[in-house]
Amino acid sequence: MKKKNLKVAALLLCGTMLASSCIGSFSLFNNYEKWQCSMTDNKFVNGIVGFFLQPIVGGVCLFVDALVLNTIEFWTGDNPVAAGQVQKMRGSDGVLYTITTLKDGYEVKSPDGKVVLFNHDAETDSWTMTRNGVTMPVDLAMVKE
């Protein structure tokens, strides 16, 4: 009986390692979910196809994200799937900008086609901004104010 209790306690202890407070970004699963919701123009077809795909593909994506990619993200600070993600955000000036996640930073594109690159240097833990071919350091103290 004591051996059984010890095994149960060991399994529960191992389970707590999976349920730690480091959740991660779940980029693979989120990318799958976005694709599944927009694979056709018809939301009903997306729902029906998703009903059959979700248990298999969604489960695999969630499993890989939870055990592999989020672990890599925790230890390295970078998620291998996050590069290439595109988001639209409205700036304080009311303009809708397109932001693309790069391996070492971000690309911000305005509706008129102007591009600003923000690059992170991991060695010095500093950021630079490139606009119109001119690169300048970003003063983070100025951004925080």
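Anyway, here's the lowdown on the structure attached to this text.

Analysis parameters
- Residues numbered from 1 in each chain as written.
- Predicted model: local features only at pLDDT ≥ 70, side-chain atom pairs only at ≥ 80, totals over all residues.
- Heavy atoms only, no water.
- Helix = DSSP H or I, 4+ residues; strand = E, 2+ residues; numbered from the N terminus.
- Buried < 20%, exposed > 50% of the residue type's maximum accessible area, 1.4 Å probe, protein only.
- Contact = heavy atoms within 4.5 Å.
- Pairing = 2+ DSSP bridges.
- Axes fitted to C-alpha atoms, helices over the stretch in contact; angles between N-to-C directions.
- Parallel < 35°, antiparallel > 145°, perpendicular 65-115°, else oblique.
- Left-handed = near helix turned anticlockwise from the far one by under 90°.
- Nonpolar A, V, L, I, M, F, W, Y, C, P; charged D, E, K, R; others polar.

For the rest of this paragraph, the subject is the side chain of N46. As for its position among the elements, N46 is in helix 3 (residues 43-76). On the accessibility criterion, N46 (5% relative accessible area) is buried. Not counting residues up to four positions away in its chain, the partners in contact with N46 are Q36, C37, S38, M39 and T40.

With that settled, the discussion passes to the sheet that holds strand 5 (residues 126-131). Taken together, 6 strands build an open sheet; the order of strands is 1-2-3-4-5-6 and the sheet is antiparallel. Each end of this open sheet is capped by a strand with a single partner; those strands are strand 1 (86-90) and strand 6 (134-137). On average, each strand axis in the sheet is inclined to that of its neighbour by 25°, with strand direction left out of account. By the bridge criterion, 5 bridges tie strand 3 (residues 105-109) to strand 4 (residues 115-121) in an arrangement that is antiparallel. Its bridge partner lying in strand 4, E107 is registered against L117.

A pair of packed helices can be characterised by two numbers: the angle between their axes and the separation between those axes. Relative to each other, helix 2 (residues 27-37) and helix 3 sit at 170°, their axes nearing to 8 Å. In terms of their interaxial angle, helix 2 and helix 3 are classed as roughly antiparallel. Note that helix 2 runs across helix 3; the crossing there is right-handed. Packed against helix 2, whose contacting residues are S27, L28, F29, Y32, W35, Q36 and C37, the element helix 3 presents N46, G47, G50, L53, Q54, V57, G58, C61, L62, V64, D65 and L69 at the interface. Here the residues of the contact of helix 2 with helix 3 sort into 11 nonpolar, 7 polar and 1 charged.

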